[in-house]
Amino acid sequence: MSRRANLTPEQAGLTVSGHRRVAGLRRGEVAMLADVSPEYYAKIERGHLAGVSDAVLESVARALRLDDAEREHLFDLARAANGAARPVRRRRPMKWVPRDSLTRALDAITLGPAFVRSGRMDVLATNALGRAFYDEVFDGPGQENLARHCFLDERAKAFYPHWEVAADVTVSILRTEAGRDPRDKRLHDLIGELSTCSDAFRTRWGAHNVRRHGSGTKEFHHHEVGDLTLTYEGMELTAEPGLSFLIYTAEPGSPSQERLQLLASLAATSTAGPPRGGRDPGPQDALKQKDRWK
């Protein structure tokens, strides 16, 4: 329904005349474009997807001009309705512990924040720079969850200079995950908590937007080092279905790269003591550089 409401007759290639009460397409128009009966399309739109063929779903996806993420979400919903969802994911314990090899892979990345997150947006493991980058996610209402941090921690509106965009993306990721794994109780609990505590989340959840989160550019304002423009790459962990490995990097030679280096220095000096037999010059040098960006 939300996709139909967002698509105008002109965008769908239809010629219309006279007054229309709504800007989007009517059910009958979508049915005509998808080459199915209006009654059958109405049944699909009401969520009765059991038994609907892939060919019909493809026709509906084309009629509604769904992008790749929306099309995949539609098929996920249909698989769930038919009781033939994706391969069952292993349920992880409440306190998931990364493999040593995965921890070493994270630690090998030193030029940018790197972390592993679940589809529920739990930050499960990070390298040292990732821990420093997301320090407010770990020590506040976020409870190590990016969605909670975005909607329940006021500091998030400073961390994300374009908070409205970040909030849209966050909800779209959760909506996508809900289609992939509709029986995830902890995901349902998280959505219920955010819907109860945040009007901004509840409004966005009702929009039914989905998206893929593979690569792109984001802007941040870190409370220690200031503004950062970072690109990110996301990869699915084949050994851990449902988990993603994400890496942020800055353009070489840019102010953002210098600030990431400063953040890495601050993180290192806050966790390491002075070297044996001498004074540790690191913290003082890092603080001098930090003052430069204030």
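Placed above this text is the structure.
What comes next is a walk through the structure. Note that this is a predicted model, so its numbers are computed, not measured. Starting afresh in each chain, residues are numbered from 1 along the sequence in its written order. For a predicted model such as this one, the threshold for reporting local features is a pLDDT of at least 70, and the threshold for listing and counting side-chain atom pairs is 80 or more; totals across whole chains, interfaces and linings nevertheless cover every residue. Derived side-chain values reflect all non-hydrogen atoms in the structure, with water molecules and hydrogen atoms excluded from consideration.

**As for the overall build of the protein**
Right, on to step 1. Strands here mean DSSP runs of E at least two residues long; helices mean DSSP runs of H or I at least four residues long; both are numbered from the N terminus. A tally of helices and strands in the protein yields 15 helices and five strands.
Right, on to step 2. The proportion of buried residues among the 294 residues of the protein is 45%.
Right, on to step 3. Residue contacts are defined here by distance: any two heavy atoms, one from each residue, within 4.5 Å place the two residues in contact. Intrachain contacts of the protein at a sequence separation of at least 6 include 52% that bridge at least 24 residues.
Right, on to step 4. Total accessible area on the protein stands at roughly 16000 Å², and carbon and sulfur atoms take up 52% of it. Each residue is assigned to one of three classes by its accessible area relative to the maximum for its type, calculated with a 1.4 Å probe on protein chains only: buried under 20%, partly exposed between the two thresholds, exposed over 50%. Note on areas: Shrake-Rupley, 1.4 Å probe, and residue coverage restricted to the protein chains presented here.

**Here's the deal with the sheet that holds strand E2 (residues 123-126)**
Right, on to step 1. Pairing between strands is defined by DSSP: at least two bridges between the two strands are required. In space, the five strands of this open sheet follow the order E2-E1-E5-E4-E3, with antiparallel pairing throughout. Single-partner strands in this sheet number two, and they are E2 and strand E3 (215-222). For this sheet, the mean inter-axis angle between neighbouring strands, taken without regard to orientation, is 30 degrees.
Right, on to step 2. Strand direction decides the pairing type here: strand E1 (residues 114-118) and E2, joined by three bridges, are antiparallel. Note on E2: the bridge partner recorded for Arg117 is Val123.
Right, on to step 3. Against the sheet, helix H6 (residues 100-107) touches E1, E2 and strand E5 (243-249), its axis set at about 135 degrees to E1. All axes here are fitted lines through C-alpha atoms, helices being fitted over the stretch that makes contact, and every angle between N-to-C directions spans 0 to 180 degrees.

**Quick word on the packing of aromatic side chains**
Think of a pair of aromatic rings as described by two things: how far the centres are apart, and how the planes are tilted against each other in angle.
Right, on to step 1. Stacked, tilted and edge-to-face pairs are distinguished by plane angle, under 30 degrees for stacked and over 60 for edge-to-face with tilted covering the rest, among Phe, Tyr and Trp rings (Trp via its six-membered ring) whose centres lie within 6.5 Å. For the structure shown, the criterion picks out 15 aromatic pairs.
Right, on to step 2. With a centroid separation of 5.6 Å and an interplanar angle of 45 degrees, the aromatic rings of Phe133 and Tyr248 are classed as tilted. With Phe133 in helix H7 (residues 128-133) and Tyr248 in strand E5, this pair connects stretches of sequence that are 115 residues apart. This pair shows no difference in class: Phe133 is buried, exactly as Tyr248 is.
Right, on to step 3. Within the aromatic cluster, the residues linked to one another by ring pairs are Phe115, Phe133, Tyr134, Phe159, Tyr160, Phe220, Tyr232 and Tyr248.
Right, on to step 4. A ring is scored as having a charge over it whenever the NZ atom of a lysine or the CZ atom of an arginine sits within 6 Å of its centre and within 35 degrees of its normal. The ring centre of Phe75 lies 4.5 Å from the NZ or CZ of Arg71, which sits over that ring.

**What about unusual backbone geometry?**
Right, on to step 1. Its identity as a non-glycine residue notwithstanding, Met121 has a phi of 75 degrees, on the positive side.
Right, on to step 2. Within the fold, Met121 resides in the loop between E1 and E2.
Right, on to step 3. Relative accessible area serves as the criterion here: at 5%, Met121 is assigned to the buried category.

In short, the description is geometric, and any link to function would need to be established separately.
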